[in-house]
Amino acid sequence: MPTWLMLALLAILILMPVALILISAFSSSTPRPGSIGLSGLTLENFKILSSHQSVTALTNSLVVATSASVLAMFIGGTLAFLAARTNIWGKAVIYFIGIAPMFLPSLVGALAWSLLAGPATGYLNLLTRGIGLGNLFNVYTMPGLIFVLALYYAPYAFLLIHGAMTLMNPDLEEAASVHGGSLGKILSTVTFPLVTPAILGSGVLIFALTMENFPVAQMIGTPGQIETLPTFIYRLMNSAPARGNEAAAVAVVLTVVLIAVTAIQQRMVMKRNFTTVSGKGMKPRMMDIGKLRGVGLSFALGYFALAIVLPVVALLLASLQSSPYVSNLGQLFGEDALSFWSLFQTLQSAAFLDAARNSVMVAVCVAVLGAALAFYLSYIVYRTKTPGRKSLEFVAMLPLAIPAIVMGLGLLWTWLVLPLPVYGTIVVLIIAFIAIYLPQGYRGMSASILQVDKDLEDSAVLLGSTRARAVSYVTLPLMKTGVMSTVLLLLMLAMRELSAALFLFTSNTRLLAIVVFDNYDNGALRSAASTSLLYILVILALVVLAKAFGARATNGEAR
Amino acid sequence: MKVTLENIDLKYGDTYAVKGVNAEIEDGHSLVLLGKSGCGKTSTMRCIAGLETPVRGRITIGDQVVFDSEKNINVPSHKRNVGMVFQSYAVWPHRTIFENVAFPLQMKNLGKKEITERVDEALQLVGLDGFQKRGASLLSGGQMQRVALARSLVMRPSVLLLDEPLSNLDARLRDRLRIELRALQQKLNLTCVYVTHDQGEALALADRIALMQNGKLAQVGSPGEIYENPASASIADFLGVTNIFPVLTNGHPGTYKMAEHRLELTTVDDTPDGDAIKACIRPEDVIVSAQRPAADSNNWAGEVSVASYQGSNVRYLIELDGGPAIEALVSRRDGPPAGKGNRVWVTASPSDIQILPAEVA
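Small disclaimer: the values here were computed from a predicted structure and weren't measured.

1. Observations regarding the domain arrangement of chain A
All names here are of chain A.
Alright, step 1. Annotation of chain A at the domain level lists domain 1 (1-42 + 339-559) and domain 2 (46-279 + 291-328).
Alright, step 2. A straight line from the C-alpha centre of domain 1 to that of domain 2 covers 23 Å.
Alright, step 3. At the interface, 51 residues of domain 1 touch 49 residues of domain 2.
Alright, step 4. Between domain 1 and domain 2, the buried area comes to about 4200 Å², and carbon and sulfur atoms account for 73% of it.
Alright, step 5. For the pair domain 1 and domain 2, the interface holds zero salt bridges.

2. So, the confidence of the model for chain A
Any segment with low pLDDT has predicted coordinates that should not be analysed in fine detail.
Residues and elements named next belong to chain A.
Alright, step 1. Summarising the model, chain A shows a mean pLDDT of 85, and 91% of its residues fall at 70 or more.
Alright, step 2. Under a pLDDT of 50 for its full length, residues 275-281 has, in the predicted model, nine contacts with residues more than four places off or in other chains.
Alright, step 3. Confidence drops under pLDDT 50 across residues 554-559; counting only partners more than four residues distant or on other chains, this segment forms 16 contacts.

3. What to know about the interface of chain A and chain B
Alright, step 1. Chain A puts 20 residues into the contact, and the matching count from chain B is 25 residues.
Alright, step 2. Carbon and sulfur atoms make up 66% of the area that chain A and chain B hide from each other, which totals about 2000 Å².
Alright, step 3. It is A:Leu462, A:Leu463 and A:Tyr473 in chain A that bury the most area against chain B; as a group they hold 42% of the surface buried on that side.
Alright, step 4. Taking the shortest distance from any N to any O, the salt bridge between B:Glu52 and A:Lys385 comes out at 2.9 Å.
Alright, step 5. Looking at the side of chain A that touches chain B, the elements with two or more residues in it are helix 19 (454-462) and helix 20 (467-478) of chain A.
Alright, step 6. Element by element, the count of residues in the side of chain A that touches chain B is highest for helix 19 of chain A, at eight residues.
Alright, step 7. Along the lines of polarity and charge, the residues of the side of chain A that touches chain B split into nine nonpolar, four polar and seven charged.

4. Quick look at the packing of aromatic side chains
Alright, step 1. Within this structure, the stated rule accounts for 15 aromatic pairs over all chains.
Alright, step 2. Taking 5.7 Å as the distance between ring centres and 55 degrees as the angle between the ring planes, the aromatic pair formed by A:Phe214 and A:Phe517 counts as tilted. In this pair, A:Phe214 is assigned in the loop between helix 8 (183-212) and helix 9 (215-221) and A:Phe517 in helix 22 (residues 512-521), connecting sequence segments 303 residues apart.
Alright, step 3. Classification of A:Phe517 by relative accessible area gives buried; the value is 1%.
Alright, step 4. Ring geometry for A:Tyr473 against B:Phe103: centres 4.6 Å apart, planes inclined by 40 degrees, an arrangement best described as tilted. Within this pair, whereas A:Tyr473 is found in helix 20, its partner B:Phe103 is found in helix 2 (residues 97-107), the two belonging to separate chains.
Alright, step 5. An aromatic cluster is present here, built from A:Phe214, A:Tyr234, A:Phe503 and A:Phe517 joined pairwise through their rings.
Alright, step 6. Lying over the aromatic face of B:Tyr16, B:Lys19 brings its terminal NZ or CZ to 4.4 Å of the ring centre.
Alright, step 7. The lysine or arginine in question, B:Arg151, covers the ring of B:Trp92, its NZ or CZ lying 4.4 Å from the ring centre.

5. Section: unusual backbone geometry
Residues and elements named next belong to chain B.
Alright, step 1. Residue Asn72 is not a glycine yet carries a positive backbone phi of 60 degrees.
Alright, step 2. Among the secondary structure elements, Asn72 is positioned in the loop between strand 5 (64-68) and strand 6 (73-74).
Alright, step 3. For Asn81, which is not glycine, the phi torsion reads 55 degrees and is therefore positive.
Alright, step 4. Following the sequence through the fold, Asn81 ends up in the loop between strand 6 and strand 7 (82-85).
Alright, step 5. A residue is classified by how much of its surface remains accessible, and Asn81, at 23% relative accessible area, is partly exposed.

6. Side note on helix 2 of chain B
Alright, step 1. Burial within helix 2 of chain B is extensive, with eight of its eleven residues counted as buried.
Alright, step 2. Burial in helix 2 of chain B covers these residues: B:Ile97, B:Asn100, B:Val101, B:Ala102, B:Phe103, B:Pro104, B:Leu105 and B:Met107.
Alright, step 3. Looking at the packing, one finds that the buried side of helix 2 of chain B touches helix 19 and helix 20 of chain A together with helix 3 (112-125) and helix 4 (141-153) of chain B.
Alright, step 4. Once helix 2 of chain B ends, the next one or two residues include B:Asn109, with phi positive near 55 degrees.

7. Here we look at the sheet that holds strand 19 (residues 325-331) of chain B
Residues and elements named next belong to chain B.
Alright, step 1. Taken in spatial order, the five strands of this open sheet run 16-20-17-18-19, and their pairing is antiparallel. The open sheet has two free edges, formed respectively by strand 16 (287-289) and strand 19, since each of these has just one partner strand. For this sheet, the mean angle separating the axes of adjacent strands, direction not counted, is 45 degrees.
Alright, step 2. The pairing of strand 17 (residues 299-309) with strand 18 (residues 313-320) spans seven bridges and is classified as antiparallel. Bridging from a neighbouring strand, Ser308 pairs with Arg315 of strand 18.

8. Topic: the pairing of strand 20 (residues 343-347) of chain B
Consecutive residues of a regular strand have side chains that alternate between opposite faces of the sheet.
Residue and element names in this part refer to chain B.
Alright, step 1. In terms of strand pairing, strand 16 meets strand 20 through three bridges, oriented antiparallel. What sits directly across from Ser289, in strand 20, is Trp345.
Alright, step 2. Relative to strand 20, strand 17 is paired through five bridges, and the arrangement is antiparallel. Across the sheet, the residue bridging to Gly302 is Val344, located in strand 20.

9. Brief notes about the packing of helix 3 (residues 91-99) of chain A against helix 12 (residues 292-320) of chain A
All names here are of chain A.
Alright, step 1. Direction vectors running N to C along helix 3 and helix 12 enclose 35 degrees, while the axes themselves pass 10 Å from each other. Helix 12 is crossed by helix 3, and the crossing has left-handed handedness. Here Ile94, Phe96 and Ile97 of helix 3 lie close against helix 12, whose contacting residues are Leu297, Ala300, Leu301, Tyr303 and Phe304.

10. What about the sheet that holds strand 3 (residues 30-34) of chain B?
Residues and elements named next belong to chain B.
Alright, step 1. Here we have six strands laid out as an open sheet, ordered 7-8-9-3-10-11, and mixed in their pairing. Here the strands that pair on one side only, and so sit at the sheet edges, are strand 7 and strand 11 (216-221). Strand after strand, the sheet turns through a mean of 20 degrees between neighbouring axes, direction not considered.
Alright, step 2. The sheet contact formed by strand 7 and strand 8 (residues 159-163) spans four bridges and is parallel. From the neighbouring strand, Gly83 faces strand 8, where its bridge partner is Leu160.
Alright, step 3. Along the sheet, helix 4 contacts strand 7 and strand 8; its crossing angle with strand 7, the most-contacted strand, is approximately 180 degrees.
Alright, step 4. Sheet strands touched by helix 5 (residues 171-187): strand 3, strand 8 and strand 9 (192-196). Its angle to strand 9, the strand with the most contacts, is close to 160 degrees.

11. Quick word on the environment of A:Val108
All names here are of chain A.
Alright, step 1. Here Val108 lies in helix 4 (residues 106-117).
Alright, step 2. By relative accessible area, which is 0% here, Val108 ends up buried.
Alright, step 3. Val108 has contacts with Leu315, Ser532, Tyr535 and Ile536, leaving out every residue within four places of it along the chain.

Cut-off values and rules
Residues numbered from 1 in each chain as written. Chains lettered and ligands numbered in written order. Predicted model: local features only at pLDDT ≥ 70, side-chain atom pairs only at ≥ 80, totals over all residues. Heavy atoms only, no water. Domains from an automatic or database assignment. Contact = heavy atoms within 4.5 Å. Buried area = accessible area lost by both parts, 1.4 Å probe. Salt bridge = Lys/Arg side-chain N within 4 Å of Asp/Glu carboxyl O. pLDDT = per-residue confidence, 0-100. Helix = DSSP H or I, 4+ residues; strand = E, 2+ residues; numbered from the N terminus. Nonpolar A, V, L, I, M, F, W, Y, C, P; charged D, E, K, R; others polar. Phe/Tyr/Trp six-rings, centres within 6.5 Å; stacked < 30°, edge-to-face > 60°. Buried < 20%, exposed > 50% of the residue type's maximum accessible area, 1.4 Å probe, protein only. Lys NZ or Arg CZ within 6 Å of the ring centre and 35° of its normal. Pairing = 2+ DSSP bridges. Axes fitted to C-alpha atoms, helices over the stretch in contact; angles between N-to-C directions. Left-handed = near helix turned anticlockwise from the far one by under 90°.

Encoded structure:
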């Protein structure tokens, strides 16, 4: 495939949706078949930005994203330090706790926490009421929203910081030790400065991800009347008639904020990327933290309970309880209070089975096609001297700075305008997910291609093989782990995605995430809970399957 | 086969990596491209392999023109029948040794029996017989180098390219393989092109040496010619001549004044034109004695500032009175070594002092 064809593909996948959002923001009509809505250019749409609602939404978004990323980094960073650099017991367990919440979509986490800590009926409130303390919890508040986001974004901080800490050359610290540094001094003058780029980088990444997060904001924030930019965009699009042009204007603002933040992150990562990795095999020093081991272990277990155990228990209770309303915990222990009826009902329902099939189909296609596209792109960028390859890279990385919900909107308009019968089919979901996760796929593939010495491939060509044959005989087999990990990453991301699908699904192409979201929206909590449980099981099954093919779960995660 | 490079220009972006390189390698001969890192030697080699595309010039291997910028000929790498041993060896770690070496033959679609025979033969040649089934990731550096060599030899290449073939090996293995490589090249009558930055390696492996500086050929000749008659002071410096002093003509033919010093020196060398001329003296040509020598020129007194015992010889750094510091390499046969602070006399024969321009014009 020649490079210009690749450029055309990326233009349709990424540039056109972005362009249509921009055009709509300055237009009085939204794109529709036969028209991209260029008529009637106006600045009218931006008036909405001065409204009280917009200002509140922007402020809320900034406050939520800032606090959630600080909290997430505290959790993830502490766990990473414990797992990577201390003599704590059960390091493998700590590592597992650090990444496990990734396998729980934030949508499901939000649902579980609204079941746990809903103001009157949450299980935790039932518990505290039962022992006479009254209702203590209300997750539908600003702190609640921040807390839930931090819980499910802490793994990103964990992965990045853990990576930086394990790759650190122990010589650097030993040098400080030889020259007279105490443990505290070494930590403060060598260890932490060296991982600063990773810490800052993950902080900004989490800020961007929480800022654009829609499911948690919608499920926790909206009941508590806390609106953020993504939920504001969603509300504008869902009002009758849809206020698409104003939604586009808000989307432009959200995107500008994220582009600014992402640019800062990229600069930090680029500028302060200390090479602490050398080719030699090495083992970082483990620090003796003595009595703090107990504290550290309790911290990790506490996090695990809050992020995984309590939510899963809540989902189980909610899907097993026979009566939809429970006013005290005692009710749950009565005869016939719990049954698998609802769970089996869900398992057999057409809605669940169709959605599960759609989800798996979309995720597998996105993983395979997305990885193939990402490989081809990284090959062009890192293995050829094609002119314009840097602009290919730029376009491929662009979706990183564009919120999924905004990309979803842009893709909706793109496929309404393009004269291909794609809109309303499952194909449009596959295309959309490939587009929004191209940066992650591209990162994974290029990291992996860079690890394979170019000489290995060139030597096959000199020994008489064609370039394509050399790639398949030498380069791809050597990249196997990286390729499989990228496939697994894309599989996971596509399985979890809700925001980008919101404007693109139809009643025939519902995904599991959509079913959960719809059930919750309609108040069908039991059905939402049982679907969520099965949803988690499907994700786990896919992960186990992918790992059997040699993928590593944590390679090149969303950096 | 005979290899010819004509007027090769290679550009990376706007800068020339290789400029106007002409070279001819006779059939069965070896050419060593010698120079500092970044001088364009590896780039030149990669042009022969077809891994880089020059902007200008012509490359011929045997009777076949493999590259010609004017006629738009550019034979792809896999059809050039060029063997190459990469600096990293590029032995595929996920394949066995047999699979590595058999690859070029499989690409030629040879039969199983012939492949096995030729692979065995090649492995025998490099001394790895019996290693066929081993995984390539478990080899030592020297073994990897042999696998890479066998993999290239098995295809019976028109020309064999070796990029820093010995640089990743330890010193003793390097000495042994140097001789083995030279013996193999002569036995198989292979046309070889080596790239190295190590002058000792170049002298040992080459029929001819092409010395490169800044993307251009600075001097081409037999190892003896290059060693005895470097074309410039910077080439002499690169070849291990450590005593290089800027000098000025003082009107009398054959005598020069050392710049910034009072000392004079006498030589039989012709005076080259140009302002920047330098006197070059090999440390092994510097004679150190305790008494004033009988010679009537180039007699300098000085004091030993460093004496470094090296087993077969001693290396001195001597501060000349009113002059520069000079390095001398003295055989241990020449009596007990002088110590730091000893007063000594230093002399050099007029025929051992070369007056060279700083750079090749």
